[in-house]
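# Coordinates in review
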Amino acid sequence: ERLITQQMLPDISDAEVIRFYEQEHSLFELTEPYIKGFYVCLPTKAKKLRSVRNWCIRQDEDDLEELEKLCSENEYDNQFFIEEWMPFADLAHKLPLTEQQLMDRLTRKNIIEFTEGKLTYFVCADSILRKNDTKPIEMVADEIKELLINSKKANFIKTVKRSLYDAAVKSG
């Protein structure tokens, strides 16, 4: 292991990762849907319900900051996953909808609002990946790097073993 570390710098470039991803994209099929966006749950009688609705529709940076601030100050249930993919099932478990109901609604509109009991829910989908879609590279880049590093290590070990064998045969 030390020899591998000393002799081989397993640096993997972004270009190598992209090349592998493009060549082997079929390895990276989603087994479940994923979503980017956010959701907010607040009392139906909340004073700023209209503002929340408008912030969800506009979704500019200031609006999202106001929305996060309001949720934090009032301890409203919320989650912002705009920058990272979230398993669709994880979001569905937070809502009074089945995964299929949620998917059906978000397929028709990327912003949904509904009331259940005394609560109003807002779900805003920036992007949705469906089951069997190819995972985006940002989801698998680390996995690909690890695969490529291990491949390089295996090739290095194979070369060293071959060299040692050849040297032993040559020296008799």
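So, about the packing of aromatic side chains. Considering all chains together, one arrives at four aromatic pairs under this definition. When the ring of Tyr21 is compared with that of Phe28, the centres are 5.9 Å apart and the planes differ by 25°; the resulting orientation is stacked. What makes Phe28 buried here is its relative accessible area of 1%. By the ring-pair criterion, three or more aromatic residues cluster together here, those being Phe20, Tyr21 and Phe28.

With that settled, consider the pairing of strand 4 (residues 119-129). The sheet contact formed by strand 1 (residues 34-43) and strand 4 spans 10 bridges and is antiparallel. What sits directly across from Val40, in strand 4, is Phe122. Across six bridges, strand 3 (residues 111-116) lies against strand 4 in antiparallel orientation. What sits directly across from Glu113, in strand 4, is Phe122. Hairpin geometry of strand 3 and strand 4 is characterised by an intervening segment of two residues between the two adjacent antiparallel strands and by a positive phi of about 65° at Gly117.

Spatial ordering of the open sheet is given by 2-1-4-3, a layout of four strands whose pairing is antiparallel. Looking at strand neighbours, the two that pair on one side only are strand 2 (77-87) and strand 3, the edges of this open sheet. Between one strand axis and the next, the sheet turns through 15° on average, direction left out of account. Its contacts with the sheet place helix 4 (residues 61-74) against strand 1 and strand 2, and it is angled at close to 130° to strand 2.

Three or more residues of helix 2 (residues 14-23) are buried, namely Val17, Phe20 and Tyr21. The arc enclosing the buried residues of helix 2, seen along the axis, measures out at 100°, which places them on a common side. Facing away from the buried side of helix 2, by more than 90 degrees, are the exposed residues Glu22 and Gln23.

Our focus in this paragraph is the environment of Trp55. Relative to the assigned elements, Trp55 resides in helix 3 (residues 49-58). Considered as a pair, Trp55 and Leu67 are 12 residues apart in the sequence and their alpha carbons are 6.9 Å apart. Sequence-distant contacts of Trp55, that is, excluding residues within four places in its chain, are made with Lys48, Asp63, Glu66, Leu67 and Leu70.

Trans is the common state for peptide bonds, and a negative phi is the common state for residues other than glycine. One non-glycine residue, Gln59, lies in the positive phi region at around 55°. Tracing the backbone shows Gln59 in the loop between helix 3 and helix 4. Phi is positive for Glu75, close to 55°, though the residue is something other than glycine. We classify Glu75 as exposed; its relative accessible area is 73%.

Packing of helix 2 against helix 7 (residues 137-171) leaves a shortest axis separation of 9 Å and a crossing angle of 100°. Taken together, the axes of helix 2 and helix 7 lie roughly perpendicular to each other. Along the contact surface, helix 2 presents Asp14, Glu16, Val17, Ile18, Phe20 and Tyr21, while helix 7 presents Ile137, Val140, Ala141, Ile144, Lys145, Leu147, Leu148 and Lys152. Here the residues of the contact of helix 2 with helix 7 are counted per class, giving 10 nonpolar, no polar and four charged.

Here the focus is the nonpolar core. Core analysis: the biggest nonpolar cluster contains 18 residues, and Ile35, Leu91, Leu95, Leu102, Leu106, Phe114 and Val123 have the highest contact counts within it. Taken together, the elements giving at least two residues each to this core come down to strand 1, strand 2, helix 5 (88-92), helix 6 (99-108), strand 3 and strand 4. Residues Val52, Cys56, Leu67 and Ile111 belong to the second largest nonpolar core, which totals 16 residues.

Here Asp63 is to be found in helix 4. A polar atom in the side chain of Asp63 sits 2.9 Å from the side chain of Arg58. Setting aside residues no more than four positions away along its own chain, Asp63 makes contact with Trp55 and Arg58.

Cut-offs used in this document
- Residues numbered from 1 in each chain as written.
- Predicted model: local features only at pLDDT ≥ 70, side-chain atom pairs only at ≥ 80, totals over all residues.
- Heavy atoms only, no water.
- Phe/Tyr/Trp six-rings, centres within 6.5 Å; stacked < 30°, edge-to-face > 60°.
- Buried < 20%, exposed > 50% of the residue type's maximum accessible area, 1.4 Å probe, protein only.
- Pairing = 2+ DSSP bridges.
- Helix = DSSP H or I, 4+ residues; strand = E, 2+ residues; numbered from the N terminus.
- Axes fitted to C-alpha atoms, helices over the stretch in contact; angles between N-to-C directions.
- Contact = heavy atoms within 4.5 Å.
- Arc of directions from axis to C-beta.
- Parallel < 35°, antiparallel > 145°, perpendicular 65-115°, else oblique.
- Nonpolar A, V, L, I, M, F, W, Y, C, P; charged D, E, K, R; others polar.
- Core = buried A, V, L, I, M, F, W, Y, C linked by side-chain atoms within 4.5 Å.
- Polar contact = N/O pair within 3.5 Å; in protein donor to acceptor, adjacent residues only side chain to side chain.

None of the figures reported here should be taken as evidence of function without further support.
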